[in-house]
Amino acid sequence: MTQYIITLKKSKVSDAFLNFIKNLDFVNSVEEINGEAKPLKAQDWAKPGRPATDEEFEQMIKEAEKDKGLSYDEAKNITKAYFEEWLEMKSK
């Protein structure tokens, strides 16, 4: 899946353009963003499109251990299983 952000000036034809885009077979969805769309920052690593760095991965495990009362190894195994499942789903 690929995502694009298109900024339209409000005009007489903007609604017609949006209706056209929505009806294309290969378009999954069109949604309006209220306010200005902000580009992803480095700390938005959990969002689609950017994998976590090793440091972020370790930080996430430490936070899970603290929040859930899991040991480091339990949190690491659960997280690795989640990422493997996600990667498998993504590759289909």
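Everything below is about the structure printed above this text.
Residues numbered from 1 in each chain as written. Predicted model: local features only at pLDDT ≥ 70, side-chain atom pairs only at ≥ 80, totals over all residues. Heavy atoms only, no water.

### Re the overall build of the chain
Next, step 1: For the chain, the count of helices and strands is three helices and zero strands.
Next, step 2: Taken from the N to the C terminus, the helices and strands of the chain come in the order α-α-α.
Next, step 3: Counting the 92 residues in the chain, one finds 10% classified as buried.
Next, step 4: At a minimum sequence separation of 6, the contacts of the chain that also span at least 24 residues come to 9%.
Next, step 5: As presented, the chain carries roughly 8,800 Å² of accessible surface, and 54% of it is formed by carbon and sulfur atoms. (Helix = DSSP H or I, 4+ residues; strand = E, 2+ residues; numbered from the N terminus. Buried < 20%, exposed > 50% of the residue type's maximum accessible area, 1.4 Å probe, protein only. Contact = heavy atoms within 4.5 Å. Areas by Shrake-Rupley, 256 points an atom, 1.4 Å probe, with all protein chains shown as cover.)

### Structural notes on the packing of aromatic side chains
Next, step 1: Counted under the stated rule, the structure contains two aromatic pairs.
Next, step 2: Considering the side-chain rings of Phe57 and Phe83, the 5.7 Å spacing of their centres and the 55° angle between planes classify their relative orientation as tilted. Residue Phe57 is found in helix α2 (residues 54–68), and its partner Phe83 is found in helix α3 (residues 72–91); the two are separated by 26 residues along the sequence.
Next, step 3: On the accessibility criterion, Phe57 (15% relative accessible area) is buried.
Next, step 4: A relative accessible area of 24% means that Phe83 is categorised as partly exposed.
Next, step 5: On the numbers, 5.7 Å between centres and 70° between planes, the contact of Tyr82 with Phe83 is edge-to-face.
Next, step 6: Ring pairs connect the aromatic residues Phe57, Tyr82 and Phe83, which therefore count as one cluster. (Phe/Tyr/Trp six-rings, centres within 6.5 Å; stacked < 30°, edge-to-face > 60°.)

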